[in-house]
Amino acid sequence: MRLTQTMRKAGVVASGFALAIGLAACGDAGSDDEGKNVDAEEVEEGKFEAGTRMAELAEAGTINVGVKYDQPGLGFKGAADDLPSGFDIEIAKLLVADLGIDPQDTSKVKYVETISDNREPFLQEGTVDLVLASYSITDERRQSVGQTGPYFVTGQQLLVPEDSDVESIEDLKGKEICSVTGSTSIDRINENGAKGVGFDSYSECVQKVLDGSVSAMSTDGTILAGYAAQNEGQLKVVGEEFSEENIGVGYSIDRPEMCEWINGVLEESFDNGSWAEAFERTLGPSGVEVPDPPTLDACPA
Amino acid sequence: MRAVLDNFDAYLQAFGYTLFLFLVAGVLSMLLGTVLAAMRVGPVAVLRVVGTTYVTLVRNTPLVIVFAFFSFAAPDLGIRFGWLDVHIGPFDFTTFFGAAVVSLSLYTSAFVCEALRAGVNAVSLGQAEAARALGLPFAGVMREVVLPQAFRASIPPMASVQIALIKNTSVAAVFGVAEAVSQMRSFNNEFGTQRYGIALAFAIGYVLVVEVVSYFANRAERRYRVAT
């Protein structure tokens, strides 16, 4: 309506076109406020040594990346979203772009949902080439898959209702705290004297905190911050971190050459500020300060 | 396998929850299923319609949806199990256990009803007619003549229904009960290199539990077989 009036007033077709284009550009920017468009990098001849997995992927022009769909701020995909969003995803985009593949093109990059339980099998079977799914580095996991990083260090905290007077896990001894079935978080809850209750996804667990069935939910602080931001005024994050999780990138143990490449891309993102920018953009809104980039582990020789 | 052997108490406790779910839901589903079967074969049209509607509705709904209803929709409607707070040794029976038992019982009772109804159909019509001719009312006909024979005829399908219930308890894993599957996923998460051993250990656990139930069902079937 407004558009047609403006056009009639101006009486010039050209100005109408200009306006339409302007509006279109505006709408485009508005719909994409979560993720950043990362451009595919030019892969020069000889950038990746022949025979390496990176060379194969760059040659094929397609890649499968395992990510989470239910962790706002880290890896999240709404029912109507084309692309998942979050910090894990932004780091994944940097890696994918380095292979000369457009990270926004879902026909080239498949963001496969991996739940905690199936990350190792997916890497072992080659269902995915990389895993960036709030994947904690542990010695046990390093026996079956390759892990490098960390690109992020976090710890377990508590998410409680806004009016709760719980201040730390000490206040919840013997009480029920929910998390995701089969996750490390459940084990930590039990170790700290509370009782872990497992649900299939974090969003279901949040629901149980909201309806009062459990006193708190616990997992990595950054995930909780994402939910606190989603339910502002109803939920808050409390307590010191009572575990340390080093979040890294998973790759197939049969492709050890990927380690140096991943570390290289991460190092570059630390140096040129794209890591900090990705952090600010995805986890910043929930009130987490941008930390110093973590120190990367050395690759196995 | 090492992971399971080193944490055998956790393994046993997990199957403990599985057994509790099975025993409580098993008894409740038998009771409710019997009432439903009586409603469906009874002379009161309203009860027949109610019974048939219940069975049709519940039997055609996936168990996960029944669980999801009692976990997420029911609390909003005011149906909560917050009053349940029983602790026996290392076992906690709270709101999540309550929701799981109710889901499993309501779901399984539809199948119990149908197994029993098949048993009722196996009792020849002459038996019921003879009982009525003796002057027994409907309740008496059912209690004294039809249901005892129907129960005996329906032992094999009833055993299948209860075995299905044992395996269905695994759905509770993702609704807050720390039963076998939930523990298995925990082991898998922590000891990713021993997945095959862990899967095998839990498969053996389920097979053992099911075999015990089948054994008693077989014994019962032989002992109470209806003479033909």
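Residues numbered from 1 in each chain as written. Chains lettered and ligands numbered in written order. Predicted model: local features only at pLDDT ≥ 70, side-chain atom pairs only at ≥ 80, totals over all residues. Heavy atoms only, no water.

Engineer: Which parts of the structure should I look at to understand the overall build of chain A?
Structural biologist: On a plain count of helices and strands, chain A comes out with 11 helices and 12 strands. Here chain A holds 301 residues, and 51% of them are scored as buried. Considering only residue pairs separated by 6 or more positions, chain A has 69% of its internal contacts joining residues 24 or more positions apart. Here chain A displays about 13,900 Å² of accessible surface, and carbon together with sulfur accounts for 48% of that area. (Helix = DSSP H or I, 4+ residues; strand = E, 2+ residues; numbered from the N terminus. Buried < 20%, exposed > 50% of the residue type's maximum accessible area, 1.4 Å probe, protein only. Contact = heavy atoms within 4.5 Å. Areas by Shrake-Rupley, 256 points an atom, 1.4 Å probe, with all protein chains shown as cover.)

Engineer: Honestly, a nonpolar patch on the surface in this entry has me stumped. Any pointers?
Structural biologist: Residues and elements named next belong to chain B. Together, Met1, Leu5, Phe8, Leu12, Leu200, Ile204 and Leu208 make up an exposed nonpolar region whose accessible area comes to about 660 Å². Within the residue set of the nonpolar patch, elements represented by two or more residues are α2 (8-41) and α10 (195-223). Relative to the elements of secondary structure, Leu200 occurs in helix α10. (Patch = residues over 30% accessible without salt bridge, like charges linked within 9 Å, V, L, I, M, F, W, Y side chains within 5 Å. Salt bridge = Lys/Arg side-chain N within 4 Å of Asp/Glu carboxyl O.)

Engineer: Even after reading the chapter, I still don't get the interface of chain A and chain B, so can you show me in this structure?
Structural biologist: Accessible area lost upon the coming together of the parts serves often as the stated size of an interface. Contacts between chain A and chain B engage 27 residues on the former and 23 residues on the latter. Interface area, chain A with chain B, both sides summed: about 2,200 Å², of which 45% is carbon and sulfur. Of all residues in chain A, the largest losses of buried area upon contact with chain B belong to Asp117, Glu140 and Thr181 of chain A, amounting jointly to 24% of the total for that side. Note that Lys195 of chain A and Asp92 of chain B form a salt bridge whose closest N and O atoms lie 3.2 Å from each other. Linking chain A with chain B are 13 residue pairs in polar contact (both at pLDDT 80 or more), by the criterion used here. Secondary-structure elements contributing two or more residues to the side of chain A that touches chain B are α5 (119-125), α6 (139-142), α7 (184-191), β9 (195-199) and α8 (202-210) of chain A. (Buried area = accessible area lost by both parts, 1.4 Å probe. Polar contact = N/O pair within 3.5 Å; in protein donor to acceptor, adjacent residues only side chain to side chain.)

Engineer: Could you clarify how one ought to interpret the pairing of strand β1 (residues 63-67) of chain A in this entry?
Structural biologist: Each regular strand displays side chains that alternate between the two surfaces of the sheet. All names here are of chain A. Where burial is concerned, most of β1 is hidden: four out of the five residues are buried. Pairing between β1 and strand β4 (residues 109-113): five bridges, direction parallel. Across the sheet, the residue bridging to Val67 is Glu113, located in β4. Here β1 pairs with strand β5 (residues 130-136) via three bridges, running parallel. Within the sheet, the bridge partner assigned to Gly66 lies in β5 and is Val131. (Pairing = 2+ DSSP bridges.)

Engineer: Can you help me understand the confidence of the model for chain B in this one?
Structural biologist: Scored by pLDDT, chain B comes out at a mean of 91, with 99% of its residues at no less than 70. Of all the helices and strands in chain B, strand β1 (residues 86-88) of chain B carries the lowest mean pLDDT, 85, while helix α3 (residues 45-59) of chain B carries the highest, 96. (pLDDT = per-residue confidence, 0-100.)

Engineer: Would you mind showing me how to read the state of the cysteines here?
Structural biologist: One way to say it: the disulfide is the covalent bond shared by the sulfur atoms of two cysteines. Residue and element names in this part refer to chain A. Considering all chains together, one arrives at two disulfides over all chains under this definition. In this model Cys178 forms its disulfide with Cys205; the gap between the sulfur atoms is 2.0 Å. Between Cys178 and Cys205 the disulfide shows an S-S torsion of about 110 degrees. By sign, it is right-handed. In this pair, Cys178 is assigned in strand β8 (residues 176-180) and Cys205 in helix α8, connecting sequence segments 27 residues apart. The disulfide partner of Cys259 is Cys299, and the gap between their sulfur atoms is 2.0 Å. Around the S-S axis, the bridge from Cys259 to Cys299 shows a dihedral of about -90 degrees and counts as left-handed. Of the two residues, Cys259 sits in helix α10 (residues 257-272) while Cys299 sits in the segment after α11 (274-282), which places them 40 residues apart along the sequence. With relative accessibility at 16%, the residue Cys299 sits in the buried group. Once the disulfide-bonded cysteines of chain A are ranked by sequence position, their pairing pattern turns out to be 1-2, 3-4. (Disulfide = S-S within 2.5 Å.)

Engineer: Could you clarify how one ought to interpret the environment of Ile169 of chain A in this entry?
Structural biologist: Assignment of secondary structure puts Ile169 of chain A in the loop between β7 (156-161) and β8. Between the C-alpha atom of Ile169 of chain A and that of Ile262 of chain A, which follows or precedes it by 93 residues, the distance is 36 Å.

Engineer: Explanation requested: helix α8 (residues 155-168) of chain B in the structure shown.
Structural biologist: Owing to its 3.6 residues per turn, the α-helix aligns residues three or four sequence positions apart on the same side. Compared with the 20 Å implied by 1.5 Å per residue over 14 residues, the 19 Å span of α8 of chain B between its first and last C-alpha is a close match. What α8 of chain B keeps buried is the set Ile155, Met158, Ala159, Val161, Gln162, Ile163, Leu165 and Ile166 of chain B. (Expected span 1.5 Å × (residues − 1).)

Engineer: Looking at this structure, I do not really get the sheet that holds β9 of chain A. What am I missing?
Structural biologist: Residue and element names in this part refer to chain A. One open sheet accounts for five strands, arranged β9-β8-β10-β7-β11; its pairing is mixed. Only two strands of the sheet have a single partner each, and these edge strands are β9 and β11 (235-238). Sheet twist, expressed as the average angle between the axes of neighbouring strands with direction ignored, equals 35 degrees. In this sheet, β9 lies alongside β8 in parallel orientation, the contact comprising five bridges. Residue pairing for β9: Ile177 is matched across the bridge by Gly196. Sheet strands in contact with α8 are β7, β8, β9, β10 (216-220) and β11, and its direction is about 150 degrees off that of β10. (Axes fitted to C-alpha atoms, helices over the stretch in contact; angles between N-to-C directions.)

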